[in-house]
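Okay, here's what each chain looks like letter by letter:
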Amino acid sequence: MPRQHNTGVTKLMAGNHALAEGAVQAGCDAYFGYPITPQNEVPEYMAQRMAEEGRVFLQSESELAAISMVMGAALTGKRVMTSSSSPGISLMQEGISYLCGCELPAVLANVVRGGPGLGNIAAAQSDYFQSVKGGGHGDYRLLVIAPASVQEMFDFVFWAFDLAFKYRNPALILTDGLIGQMMEPVTFREPTWPRATPVSFDCSGWALTGARGRPPRSIKSLYLGDGVLEAHNAKLQAKYARAMAEEVRYEAVETDDADVVFVAYGIAARVCRETVARLRAQGVKAGVLRPLTLWPFPSAWLAEHAPRFAHIMVVELSCGQMIEDVQLAVGNRCPVNFYGRTGGGVMTCQELTTVALERFSTKAV
Amino acid sequence: MNYKRPESMQLVSTHYCAGCGHGVAHRLICEVIDELGIRERVLAVAPVGCAVLAYDYWNFDVTEAAHGRAPAVATGMKRCNPENIVFTYQGDGDLAAIGAGEIVNAANRGELISVFFINNANYGMTGGQMAPTTMLGQATTTSPSGRDARREGWPMKVIEMLAQLDGVVYAARCALHTPKHVREAKKAIRAAFDAQIAGTGFSIVELLAACPVGWGVKPTEAVQVIEQQMIPVYPLGTVKQVASAAPVAP
């Protein structure tokens, strides 16, 4: 770093390729991963590009090993990344918990597919709970961000590395098989929004590099002494409180005068944006709140603005997961509706428009 | 010979039980690291098990891996930092049971790491349960009537198994129950680090170690258990040494 990466060039790319190229351009030192559909384009692209850059790429024997290799690289202060899809991310939960306990930075990407179990290979958003509520054991949080376009797949990797190193905690890019597979124009750039202030990637104060001219270091998550783990957990929670104060990002579209507000992220938010245009054409004042950070969640925005709305409608490619965070934030300030599709089903704008009109047209207008 | 503490060891008492093999194994590794002058380059990975606290005893950089994942953690460290000397220290439950996938694949890739594998034929830390290396007839808390091959399979010969893999350039089994065996074990540990430094491939040393508490015997009796019961099942010696292996890129 810094390297030349054809900044300013615009290309037509698949989301998974944009994610991988974004990682390369964001300075990713090492990538470890295991094949699983629908994210195979990420390791395939990284195998080629990381070699070109003289960096580390290794296909692991399992997701358990992949996340442990990520931990090994992160322990030495490297910018490291892995990607997978739902069943593989389930296997990684052990290592993710260790990364959080050891306070190690890493970027993870989950190109979500249908579940539970082997499910199918179509797009889904049914890993929300696993992503924002823990997933592995212990009191920890991931910094979870959700791109909704191929350009954001590229941009958000930079943001994810920022967050991971700012907080010495894994950051998770939560996307899905649709965004991963679809092609859109991507402009190579050093993204600004939604990144905040520049982050230091200097790990010399803590990384395991060999005890040369300094005392030995140990990085661990085991704290057996009386009260020691409680103190460690309090430190983690203080870090998470800071993230909640500083990192919430969202996009509120046409919500100023809205009666009906959709809350959706990722690909579902794109369907909602188009649905808003259709509803407004039919006289329904609709808007969209799109959380860019799923954790920390834009609860404060919802609590503040919910009293102005007649209806909130959470739209997800799941049976209803993010809705729980919306309900927590909104309380009884506004009725909260839900519309979801699952198992690879994706609502169309027409479908969502029809549902919204059925539920809200007379009441909302 | 003057006895002194290796620079690679901290001046602390260990938590290990009387007669336990870990203390000897720790010290041998530290002596070799001192002699090779590599202490400042070492990155070690401690296991889940009794040796998880090794970072309290070693005077170099150490981390701990999830149960069985040490070879994968070491892989991430070494691939990103080929100039460092990376080793894992693993018990039999960690390496041969829950971490079987990681050790086999790290060995098969010829990862430039060294592995020190403590075989004490049971899970010591959790209270003496059956391990893949528990011997036939050996009673443990989870094989109370003795390990029965028809029910629990056979003692796993890790070194012989891994020696089949092309990525492995050094594989040896030693024991820690007599001064003579301790001296041989130190030579093997040295050979493993030499292989890593030469960049020839994956190296592993299995160390037969006593666990008197887990076995329910006195430390003096444990020495006899190793001699009379373990060594016949786990023959000692260098199983594989590829001296002329071409260096592989890190």
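The shown structure was predicted, so the numbers you read here are calculated from the model rather than taken from an experiment.

Conventions and cut-offs
- Residues numbered from 1 in each chain as written.
- Chains lettered and ligands numbered in written order.
- Predicted model: local features only at pLDDT ≥ 70, side-chain atom pairs only at ≥ 80, totals over all residues.
- Helix = DSSP H or I, 4+ residues; strand = E, 2+ residues; numbered from the N terminus.
- Contact = placed C-beta atoms within 7 Å.
- Rg over C-alpha atoms; globule rule 2.2 N^0.38 Å.
- Buried ≥ 20, exposed ≤ 12 C-beta atoms within 10 Å, placed from the backbone.
- Nonpolar A, V, L, I, M, F, W, Y, C, P; charged D, E, K, R; others polar.
- Arc of directions from axis to C-beta.
- Domains from an automatic or database assignment.
- pLDDT = per-residue confidence, 0-100.
- Core = buried A, V, L, I, M, F, W, Y, C linked by C-beta atoms within 7 Å.
- Pairing = 2+ DSSP bridges.
- Axes fitted to C-alpha atoms, helices over the stretch in contact; angles between N-to-C directions.
- Parallel < 35°, antiparallel > 145°, perpendicular 65-115°, else oblique.
- Left-handed = near helix turned anticlockwise from the far one by under 90°.
- Expected span 1.5 Å × (residues − 1).
- Bend = angle between axes of the 7 residues up to and from the residue.

1. Examining the overall build of chain A
When helices and strands are tallied, chain A shows twelve helices and 15 strands. The contacts of chain A with a sequence gap of at least 6 include a subset with a gap of at least 24, amounting to 80%.

2. Observations concerning the overall build of chain B
Looking only at helices and strands, one finds nine helices and seven strands in chain B. Its C-alpha atoms give chain B a radius of gyration of 17 Å, near enough to 18 Å, the size a compact globule of 250 residues would have. Seen through its principal axes, chain B has C-alpha atoms that stretch 50 × 40 × 30 Å. Taken over 250 residues, chain B has a buried fraction of 55%. Sequence separation of at least 24 residues holds for 68% of the intrachain contacts in chain B that already meet a minimum separation of 6.

3. Quick look at the interface of chain B and chain A
Listed as interface residues are 29 residues of chain B and, on the opposing side, 32 residues of chain A. Among the elements of the structure, strand E1 (42-46), strand E2 (61-64), helix H2 (70-80) and helix H4 (100-108) of chain B are those that each provide at least two residues to the side of chain B that touches chain A. When the residues that make up the side of chain B that touches chain A are grouped by side-chain class, the tally is 13 nonpolar, eight polar and eight charged.

4. Thoughts on the environment of A:Lys78
By the element assignment, A:Lys78 lies in the loop between helix H3 (63-75) and strand E4 (80-84). For the pair A:Lys78 and A:Cys203, spaced 125 residues apart in the sequence, the C-alpha separation amounts to 8.3 Å.

5. Some words on H4(B)
Along H4(B), the residues classified as buried are B:Glu102, B:Ile103, B:Ala106 and B:Ala107. The buried residues of H4(B) all sit within an arc of 120 degrees when viewed along its axis, so they share a single face. Contacts made by the buried residues of H4(B) are with H3 of chain A together with H2, helix H3 (92-98), helix H6 (158-163), strand E5 (168-175) and strand E6 (202-208) of chain B. Looking one or two residues past H4(B), B:Gly110 carries a phi angle of roughly 65 degrees, positive in sign.

6. Concerning the domain arrangement of chain A
Residues and elements named next belong to chain A. Considered domain by domain, chain A is made up of domain 1 (10-187) and domain 2 (250-364). Look at where the C-alpha atoms of domain 1 and domain 2 centre, and you get two points 27 Å apart. Each partner contributes to the interface: domain 1 provides 24 residues, whereas domain 2 provides 21 residues. Broken down by secondary-structure element, the contributors of at least two residues to the side of domain 1 that touches domain 2 are helix H5 (128-132), strand E6 (143-145), strand E7 (170-176) and helix H7 (177-181). Considered class by class, the residues forming the side of domain 1 that touches domain 2 number 16 nonpolar, six polar and two charged.

7. Thoughts on the confidence of the model for chain B
The predicted coordinates of low-pLDDT regions are not to be read in fine detail. This prediction gives chain B a mean pLDDT of 95; 96% of its residues lie at or above 70. On the interface metric, ipTM, the complex scores 0.96, and its pTM is 0.96.

8. Details of the nonpolar core
Counting 203 residues, the largest nonpolar core has A:Val157, A:Ala160, B:Phe116, B:Ile204 and B:Leu207 as the members making the most contacts within it. Shared between two domains, this core holds at least three residues of each, these being domain 1 (10-187) and domain 2 (250-364) of chain A. A:Ala160 has contacts with A:Val107, A:Ile145, A:Ala171 and A:Ile173, leaving out every residue within four places of it along the chain.

9. What to know about the sheet that holds E5(B)
Taken in spatial order, the eight strands of this open sheet run E9(A)-E2(B)-E1(B)-E3(B)-E4(B)-E6(B)-E5(B)-E7(B), and their pairing is mixed. Of all strands in the sheet, those with a lone pairing partner are strand E9 (218-219) of chain A together with strand E7 (237-241) of chain B, marking the two edges.

10. Here we look at the pairing of E1(B)
Residues and elements named next belong to chain B. Counting buried residues in E1 gives five out of five residues, a clear majority hidden from the surface. Where burial is concerned, the two faces of E1 agree: the one with Val-42, Ala-44 and Ala-46 and the one with Leu-43 and Val-45 are both buried. Pairing between E1 and E2: four bridges, direction parallel. By the bridge assignment, Leu-43 is partnered in E2 with Asp-61.

11. Notes on the sheet that holds strand E13 (residues 293-295) of chain A
Residue and element names in this part refer to chain A. In spatial order, the strands read E3-E2-E4-E5-E7-E6-E13; together these seven strands make up an open sheet with mixed pairing. In this open sheet, the two strands that pair with only one neighbour each are strand E3 (56-59) and E13. Ignoring strand direction, the axes of neighbouring strands in this sheet form an average angle of 20 degrees. Sheet topology note: the E4/strand E5 (residues 106-112) ladder contains four bridges and is parallel. Across the sheet, residue Ser-84 finds its bridge partner in E5, namely Asn-110.

12. Examining the environment of B:Phe87
All names here are of chain B. Summarising the element assignment, Phe-87 is placed in strand E3 (residues 85-91). Given 26 C-beta atoms within 10 Å, Phe-87 falls into the buried group. Sequence separation between Phe-87 and Ala-44 is 43 residues, and the spatial gap between their C-alpha atoms is 5.0 Å.

13. A few points about the environment of B:Ile98
Residues and elements named next belong to chain B. Within the secondary structure layout, Ile-98 lies in helix H3. For Ile-98, a count of 16 C-beta atoms within 10 Å puts it in the partly exposed group. Measuring from C-alpha to C-alpha, the distance between Ile-98 and Cys-211 comes to 20 Å, with 113 residues separating the pair along the chain. When neighbours within four sequence positions are excluded, Ile-98 is seen to be in contact with His-67, Gly-68 and Gly-93.

14. Details of unusual backbone geometry
Residue and element names in this part refer to chain A. With an omega of 5 degrees, the peptide bond between Gly-115 and Pro-116 qualifies as cis. Here the bond from Trp-193 into Pro-194 is cis, since omega is 0 degrees, no more than 30 degrees from zero. Among the secondary structure elements, Pro-194 is positioned in the loop between strand E8 (183-187) and E9. Of note in this structure, Glu-103 is not a glycine but carries a positive phi near 55 degrees. Relative to the assigned elements, Glu-103 resides in the loop between helix H4 (86-101) and E5.

15. A closer look at the packing of H3(A) against H4(A)
Residue and element names in this part refer to chain A. In the contact formed by H3 and H4, the axes pass within 7 Å of each other and the chain directions differ by 30 degrees. Classified by the angle between their axes, H3 and H4 sit roughly parallel to one another. Once H3 is placed against H4, the crossing between them reads as right-handed. Contacts between H3 and H4 involve Glu-63, Leu-64, Ala-66, Ile-67, Ser-68, Val-70, Met-71 and Ala-74 on the former and, on the latter, Gly-88, Leu-91, Met-92, Glu-94, Gly-95, Ile-96, Tyr-98 and Leu-99.

16. Considering H4(A)
Residues and elements named next belong to chain A. In this model, H4 (16 residues) spans 22 Å end to end at C-alpha, consistent with the 22 Å of a helix rising 1.5 Å per residue. At Met-92, H4 shows its strongest bend, of approximately 45 degrees. Counting buried residues in H4 gives twelve out of 16 residues, a clear majority hidden from the surface. Of all the positions in H4, only Ser-86, Gly-88, Ile-89, Met-92, Glu-94, Gly-95, Ile-96, Ser-97, Tyr-98, Leu-99, Cys-100 and Gly-101 are classed as buried. At the C-terminal side of H4, Glu-103 shows a positive phi close to 55 degrees.

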